[in-house]
Structure formats: C-alpha cells, structure tokens
Amino acid sequence: VYVLVAGTILLHNMSLISKIPLDLRKIRIERAVLSQFGEHLDDSGLQELASGPLIRRLQVASDRTDGLRECTREMFALAMLVRLGRISERDVRATFEAFRRLDRDNDGMLNTKDIIYGEVAKRKKRRSEVPIQRLEVEEHRAENEEAMGTKRFFGNGG
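We now turn to the structure provided with this report. Just so it is clear, the structure is predicted and the values come from calculations on it, not from any experiment.

**Comments concerning the overall build of the chain**
Scanning the chain from N- to C-terminus turns up six helices and zero strands. With 158 residues in all, the chain has 13% of them scored as buried. At a minimum sequence separation of 6, the contacts of the chain that also span at least 24 residues come to 41%. Total accessible area on the chain stands at roughly 13200 Å², and carbon and sulfur atoms take up 58% of it.

Shown next, in the form of structure tokens:
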C-alpha cells in the first residue's frame, strides 16, 4: 500500500518538475507578445494592430474614410489574447455572431433600442404563430368530432 502511495506521489512530482520548462517558455512568450511594441508604438506597429492579417481575419479592422489608422483598446486586447493562445479566432467569431444576433438595429452597440426591437420581433413572431396554432386546434377538434360522430352513428361496437 505504501509503495502505491509513494509511487503515485513520485510520479505526480516528476510531472510537475517536467512542466517547469514548459511554464517558463509560456512566460517568455507572454512577455514577448505583450512587450513586442515596447513603450512606444511606431507606424508599422500601428499598421499591424489596425489592419494587419490577424485583425483582418478577426474582422475588427476599422474602416476610416480619412485614412487614419486606429486600434481601439478592445481590438488590442483581442489581438493579444489570440496571440497568447488564451482564445482562438473561432471563439472570437462565435462571440461576434452572438453579438450580431442581439444587435437588432445593427449599430454595433447593445442598448435599450435593441431590447425594444427584440421584444417587438418576439411579439410579432408570437402573433404570426397564434393563427397557425388556432388552425391546428380547430382541425384537431374537427377530426375528433368527426370520429365521435362516427362512433355515435355505429355505436360502441364499431
């Protein structure tokens, strides 16, 4: 029994020790990603953050008519999280799709108008479903009455 417990503890400790180089590598990568632009951002760094390949794949690039490039805090955070491997591009696309479904007026923000539009759409949908449900109930009732009339005519024995 002691051998099994000691063996299990030894294997657990060995696995923790073997993970140390991986953890150190992960920390180095995180530092490199988060400090890749240093303390000051130059034009090429801004271009990469505002309209680089990752930003285009995530579909978060801002299209400005005045030609100025910009990177919002949210764009920066998403790009860094994807580069760090904390979230995937697929995760970002899925959350954007969920946002688009909730953004009823397509203004890029969730607000009270979206709630109102959502409630109106929900009520319209319910109203359009009610006549169909009533029709189904009436058809079902007619079938039952027809079946009951047949039973009365022929009696219980058929």
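Moving on, there is more to tell.
**A closer look at the nonpolar core**
Core analysis: the largest hydrophobic core is formed by 14 residues, its most contacted members being L58, V60 and M80. When contributions to this core are tallied by element, the ones reaching two or more residues are α3 (53-58) and α4 (73-84). Of the residues forming this core, the biggest block, six residues, is contributed by α4. Discounting chain neighbours no more than four positions away, the residues touching V60 are I55, M75, L78 and F96.

**Notes on the side chain of D103**
Looking at the secondary structure, you find D103 in the loop between α5 (89-102) and α6 (112-154). Despite being buried, D103 has no salt bridge partner; K113 is the closest side chain of opposite charge, sitting 8.2 Å away. Here G108 takes part through its backbone nitrogen, which lies 2.8 Å from a polar atom of the side chain of D103. Aside from chain neighbours lying at most four places away, what touches D103 is G108, M109, L110 and D114.

**Quick notes on the packing of helix α1 (residues 2-34) against α4**
Across the interface, α1 lies against α4 with an axial gap of 10 Å and an inter-helix angle of 155°. Put simply, α1 runs roughly antiparallel to α4. Of the two elements, α1 crosses α4, and the hand of that crossing is right-handed. Across the interface between the two elements, E30, V33 and L34 of α1 pack against M80, R83 and L84 of α4. Considered class by class, the residues forming the contact of α1 with α4 number four nonpolar, no polar and two charged.

**Quick notes on a nonpolar patch on the surface**
Taken together, the side chains of I17, I20, L24 and I27 present a nonpolar region at the surface, about 370 Å² in accessible area. Tracing the backbone through its elements, the reader meets I17 in helix α1.

**Let's talk about a positive patch on the surface**
A contiguous patch of positive charge on the surface is contributed by R123, K124, R126 and R127. Note on placement: R126 falls in helix α6.

**What about the packing of helix α2 (residues 43-51) against α4?**
Running from amino to carboxyl end, α2 crosses α4 at an angle of 90°, the nearest separation of the two axes being 9 Å. Considered as vectors, α2 and α4 are oriented roughly perpendicular to each other. Within the contact between the two elements, α2 uses E48, L49 and A50 and α4 uses M75, F76, M80 and R83.

**Quick word on unusual backbone geometry**
A positive phi angle, near 60°, is found at Q59, a position not held by glycine. Structurally, the position occupied by Q59 is in the loop between α3 and α4. Taking the relative accessible area as the measure of exposure, Q59 reaches 58% and is therefore exposed. For N106, which is not glycine, the phi dihedral falls at a positive 55°.

**With respect to α4**
With 12 residues, α4 ought to run about 16 Å at 1.5 Å a step, and its terminal C-alpha atoms sit 16 Å apart, in line with that. Three or more residues of α4 are buried, namely M75, L78, A79, M80, V82 and L84. Check the buried side of α4 and you find it contacts α1, α2, α3 and α5.

Here is what the cut-offs are and how they apply
- Residues numbered from 1 in each chain as written.
- Predicted model: local features only at pLDDT ≥ 70, side-chain atom pairs only at ≥ 80, totals over all residues.
- Heavy atoms only, no water.
- Helix = DSSP H or I, 4+ residues; strand = E, 2+ residues; numbered from the N terminus.
- Buried < 20%, exposed > 50% of the residue type's maximum accessible area, 1.4 Å probe, protein only.
- Contact = heavy atoms within 4.5 Å.
- Areas by Shrake-Rupley, 256 points an atom, 1.4 Å probe, with all protein chains shown as cover.
- Core = buried A, V, L, I, M, F, W, Y, C linked by side-chain atoms within 4.5 Å.
- Lys, Arg positive; Asp, Glu negative; His and termini not counted.
- Salt bridge = Lys/Arg side-chain N within 4 Å of Asp/Glu carboxyl O.
- Polar contact = N/O pair within 3.5 Å; in protein donor to acceptor, adjacent residues only side chain to side chain.
- Axes fitted to C-alpha atoms, helices over the stretch in contact; angles between N-to-C directions.
- Parallel < 35°, antiparallel > 145°, perpendicular 65-115°, else oblique.
- Left-handed = near helix turned anticlockwise from the far one by under 90°.
- Nonpolar A, V, L, I, M, F, W, Y, C, P; charged D, E, K, R; others polar.
- Patch = residues over 30% accessible without salt bridge, like charges linked within 9 Å, V, L, I, M, F, W, Y side chains within 5 Å.
- Charge placed at Lys NZ, Arg CZ, Asp CG, Glu CD.
- Expected span 1.5 Å × (residues − 1).

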